[in-house]
Amino acid sequence: MPEAEAPIAAPSEHVVVVIGSGFRGTSVLERLAANTGQFRPPGGRLRIVSVDEHPPGPGRIWRTDQCAALLMNTPASAFTVWLDGSVSSDGPKVAGPSLWEWQQQVAAVLTGTEAAGGNDLRTALGTDRHLADTGRTVVTRELAADLARRPELAASVRAATPDSCTPRVLLGHYLRWCHETVVASLPEGVRHDWRRDRVTDIERAGARYRVSLAGGATPLLADAVILCTGWSTPARGREPTRPPTAVPRLRGDNASDQDLAEAKPGADVVVEGLGLSFFDVATLLTVGRGGRFVPDDATPYGLRYEPSGSEPVLHATSRHGVPYWSRPSNTAVPGGDSRHRFLGEALLRQPRPGRFDGVGPAIARDTLWDYYTHLTRANPEALTVPLPQLLDALVALPPDSAEWQDVVADAVPDPEHRLDLDSDAALAQRVWDSPAAFGAAVRGRLLADLAETAKGAGSSLKVAHRSFGKARGLLVAAVEDGGLTAESYFGSYAHFIDLAFRLNNGPPPVRLRQLLALHDAGVVTFLGPRATPDGRPDATGHARWSSPSVPGAGVRADLVIEARVPAPSLHTGTDPLLRGLRRRGLADVFHLPSAHGPVPTAAPRAEPLTGRLLGPAGAEEQGPASQLYALGVLMRDTRVTSLAAPAPRGDAVALREADRTARGVLAGLWRGSPHGDSPDLPELFENSEAGER
């Protein structure tokens, strides 16, 4: 072996390289540390090397130098790194605070500091306020400096509630604290390094892997590699020369990484996408440029926007032309009475691979059952027939049939009280008389959403949204790892997931209030659904964008911003690392069956529970078994809940995945050890698989 490629570990030390040090990288690091004792033989040592261009813990997406006005869309009480007793995995449970509990500890330090008359928050570092289960001070040096530099962060900590959406910066500090806590408590014989770099290639080096780094440092030699690479970034390097008649375009990325300086003050900027990334873009181009929202009781949403004069004018468009609905509260909105029994019965009959046709109507029945049951409690006069009569009809009639619609029309005379889950689709399909009419319709929908949110547990509509969204978790066993045909997965199932996200994974209500204020201030307009350029740019390269649903509308665009974060794909992506894995035969595309043959997905082939990557069929019989693993977004077409936030006391899927992957890695490293007493890999997951399926 050449001297330049010497191992970075002692001869008896195994090396695991974790690519990516955000939430997934931190979680799998914690799981490797927690599980090592069960697998390693006496004297066995482990070195874990995290590779990321950004500090470990927050990584790129949650890094702590972002604008403090950017928010998570997940409530503080619904995120944790630590495994509690609800997590159905075999690894040891290590206690630790959720994001909300951590913020409470930070708030206590702030209160104690202020009570002692301390103006410099750095004095909090000397506090004796520790977390009992870790023994580590809760305010790191970095966090203390940031709280002192940005008082708005300290104010956010003090005002936090279990349901409040935390600034992304504070989540980054929490993840940084979790990472440092894990590293500080590594068991004897386990050590950790962070390489501030980017992995460009992985190749076989005998029974190990040679991991090449962009910075030109000596390649790492690893016994196992775990990919926690997260969301994709636009291809690096210089873009092809843009024709002089082309409108500049910012490719989709994390909003904090887009070059928003190209959006000049007063410029007309088309924003493609009205999901969560849109709100990040809008925040950075308004509040991030000195504008501010002030309370104003004269508006129905309670805010007024005061521009700084540095804002562009944002013209928003998307497939439906309207933003996502605000996220239902996890605590304020109760579960429905159906208990999803229709879906449960349908899943008992569902084959693998199967179609979604028999499952979709069951989800609709459960949602309608929950909605109308709640409606009779919240508004007893809404129904003119006894509730059991309506529910009997729901059991007997297909929920998408004309017969069912006739029954509902008779039982619920006021159309405003009838459930229409996808009312946005009807709004998008209509042809509007004028841009003003469409803008007023969107404004009305936002106000209606805020009114429903304000009802809390009294909102039948939000109960329906949450009931519909909860079905996603119940579908996992039926859908993951090729449970559906390609026709269903990319068809009716994809439509269900899209609608579930639009109803349940939207922004916090404050973002809708701010959007209304921006609209009324003329800073944001709604172009309409599916707006496109007319294809005839003028001499300066400006094309007019308009929506086919809003005749007469349009804008001469100076810039186009893609408000979305691209997802990675082993099949079609441009990431050089993923392309290299496929080219070298270290990873292969996962396919779904269809009537016309296998259909490729974005995910790699992998062992269902561990995420161990599988090369082309037959490759492992010709060489050593793969010790490459993947977690997170890359696996979304096989592990279909890879995007779900890890909530405490909710048997979080992300934490289960991290534990099983870590145990798979450790079993692979030491399965041949004569001193180890750990089971081999198939036995290791036998109980977990039985419990999961």
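Residues numbered from 1 in each chain as written. Predicted model: local features only at pLDDT ≥ 70, side-chain atom pairs only at ≥ 80, totals over all residues. Heavy atoms only, no water.

Now for the overall build of the protein. Of regular secondary structure, the protein possesses 21 helices and 22 strands. Relative to its 693 residues, the protein shows a buried fraction of 54%. Sequence separation of 24 or more characterises 75% of the internal contacts of the protein that already satisfy a separation of 6 or more. Element-wise, carbon and sulfur atoms account for 52% of the exposed surface of the protein, whose accessible area totals about 28,600 Å². (Helix = DSSP H or I, 4+ residues; strand = E, 2+ residues; numbered from the N terminus. Buried < 20%, exposed > 50% of the residue type's maximum accessible area, 1.4 Å probe, protein only. Contact = heavy atoms within 4.5 Å. Areas by Shrake-Rupley, 256 points an atom, 1.4 Å probe, with all protein chains shown as cover.)

Turning our attention to the packing of aromatic side chains. Per the stated rule, a full pass over the model turns up 15 aromatic pairs. Between Trp432 and Phe438 the ring centres are 5.8 Å apart and the planes differ by 70°, which places this aromatic pair in the edge-to-face class. Here Trp432 and Phe438 have matching classes, each one buried. Among the aromatic residues, those joined into a ring-pair cluster are Phe356, Phe468, Tyr489, Phe490, Tyr493 and Phe496. The ring of Trp369 carries the charged tip of Arg341 above its face, separated from the ring centre by 4.8 Å. In this arrangement the basic side chain of Arg445 is found over the ring face of Trp325, its NZ or CZ atom lying 4.3 Å from the centre. (Phe/Tyr/Trp six-rings, centres within 6.5 Å; stacked < 30°, edge-to-face > 60°. Lys NZ or Arg CZ within 6 Å of the ring centre and 35° of its normal.)

Attention shifts here to the packing of helix α6 (residues 276-284) against helix α17 (residues 509-520). At a minimum axis separation of 11 Å, α6 and α17 run at an interaxial angle of 55°. Taken together, α6 and α17 sit at an angle that is classed as oblique. Crossing of α6 over α17 shows left-handed handedness. In this structure, α6 uses Phe278, Phe279 and Thr283 to contact α17, whose residues at the interface are Arg511, Leu512 and Leu515. Its residues placed into classes, the contact of α6 with α17 shows four nonpolar, one polar and one charged. (Axes fitted to C-alpha atoms, helices over the stretch in contact; angles between N-to-C directions. Parallel < 35°, antiparallel > 145°, perpendicular 65-115°, else oblique. Left-handed = near helix turned anticlockwise from the far one by under 90°. Nonpolar A, V, L, I, M, F, W, Y, C, P; charged D, E, K, R; others polar.)

What follows concerns helix α13 (residues 460-474). Here α13 spans 22 Å end to end across 15 residues, near enough to the 21 Å set by a 1.5 Å rise per residue. For α13, the tally of buried residues reaches 12 of 15 residues, placing the bulk of the element in the interior. Residues Ser460, Leu461, Lys462, Val463, Ala464, His465, Arg466, Ser467, Phe468, Gly469, Ala471 and Arg472 constitute the buried set of α13. (Expected span 1.5 Å × (residues − 1).)

An order of β16-β17-β18 is seen for the three strands of this open sheet, with the pairing classed as antiparallel. Here the strands that pair on one side only, and so sit at the sheet edges, are β16 (532-533) and β18 (555-556). Pairing geometry for strand β17 (residues 544-546) and β18, over two bridges, is antiparallel. Opposite Arg544, over in β18, you have Arg556 as the bridge partner. (Pairing = 2+ DSSP bridges.)

You can see Gln350 is positioned in the loop between α7 (341-348) and α8 (360-378). Along the chain, Gln350 and Ala478 lie 128 residues apart, while their C-alpha atoms are 7.4 Å from each other. Polar side-chain contacts of Gln350 include one of 2.7 Å to the backbone oxygen of Arg355. (Polar contact = N/O pair within 3.5 Å; in protein donor to acceptor, adjacent residues only side chain to side chain.)

Quick look at the nonpolar core now. Counting residues in each nonpolar core, the largest one holds 60 residues, and the members touching the most others are Val16, Phe79, Val106, Tyr174 and Ile226. The next biggest cluster of nonpolar side chains, apart from the first, holds 44 residues, and it includes Leu375, Ala382, Phe468 and Val479. (Core = buried A, V, L, I, M, F, W, Y, C linked by side-chain atoms within 4.5 Å.)

What follows is about the sheet that holds strand β14 (residues 313-318). In spatial order, the strands read β10-β19-β11-β14-β15; together these five strands make up an open sheet with parallel pairing. Every interior strand has two partners, whereas the edge strands, β10 (249-250) and β15 (524-529), have only one. Pairing between strand β11 (residues 268-272) and β14: five bridges, direction parallel. Counted as the bridge partner of Asp268 is Val313 from β14.

In this section: empty space enclosed by the protein. To locate leftover empty space, one rolls a probe as large as a water molecule over the atoms. With the rule as written, the count across this model stands at two cavities of 30 Å³ or more. The volume enclosed by the second largest cavity comes to roughly 70 Å³. In terms of lining residues, the second largest cavity is bounded by Phe278, Phe279, Ala282, Thr283, Thr286, Val287, Phe293, Arg511, Gln514, Leu515 and Leu518. Where the lining of the second largest cavity is concerned, the elements lending two or more residues are α6 and α17. Broken down by class, the residue content of the lining of the second largest cavity amounts to seven nonpolar, three polar and one charged. (1 Å grid on protein atoms, 1.4 Å probe; cavity = no way out; pocket = protein on both sides within 12 Å on 5 of 7 lines; lining within 4 Å. Points joined across faces, edges and corners; volume = space filled by probe spheres on them.)

With that out of the way, let us pick up the environment of Leu303. By the secondary structure assignment, Leu303 is in strand β13 (residues 303-306). The spatial distance from the C-alpha of Leu303 to the C-alpha of Val510 is 9.6 Å, given a sequence separation of 207 residues. Filtering out sequence-adjacent residues up to four positions away, Leu303 remains in contact with Phe293, Val294, Pro295, Asp296, Arg513, Gln514 and Ala517.

Mapped onto the fold, Ser326 is located in the loop between β14 and α7. In this structure, Ser326 is in contact with Asp449, Thr453, Lys462, Leu503, Pro507, Pro509 and Leu512, ignoring residues within four places of it in sequence.

We now examine the pairing of strand β1 (residues 13-19). Within β1, seven of the seven residues are buried, which leaves the element mostly enclosed by the surrounding structure. Residues Glu13, Val15, Val17 and Ile19 line one face of β1 and the alternating positions His14, Val16 and Val18 line the opposite face, and both faces are buried. Direction of pairing for β1 relative to strand β2 (residues 45-51): parallel, over a ladder of seven bridges. Its bridge partner being in β2, His14 is matched across the sheet by Leu46. Handedness of the β1-helix α1 (residues 23-39)-β2 crossover: right-handed. The sheet contact formed by β1 and strand β9 (residues 224-227) spans four bridges and is parallel. Residue Val17 lies in a different strand from β9, and its bridge partner there is Val225. (Right-handed = clockwise from strand over helix to strand, strands pointing away.)

Moving on: the packing of helix α9 (residues 387-396) against helix α10 (residues 402-411). To describe two helices that pack against each other, one gives the angle between their axes and the distance between the axes. Running from N to C, α9 and α10 cross one another at 170°; their axes reach a closest spacing of 10 Å. It follows from the interaxial angle that α9 and α10 lie roughly antiparallel. Residues Leu390, Ala393 and Leu394 of α9 pack against Trp404, Val407, Val408 and Ala411 of α10. Grouping the constituent residues of the contact of α9 with α10 by class yields seven nonpolar, no polar and no charged.

A few words on the side chain of Arg502. Looking at the element boundaries, Arg502 is found in helix α16 (residues 492-504). Among the residues examined, Arg502 registers a relative accessible area of 6% and is labelled buried.

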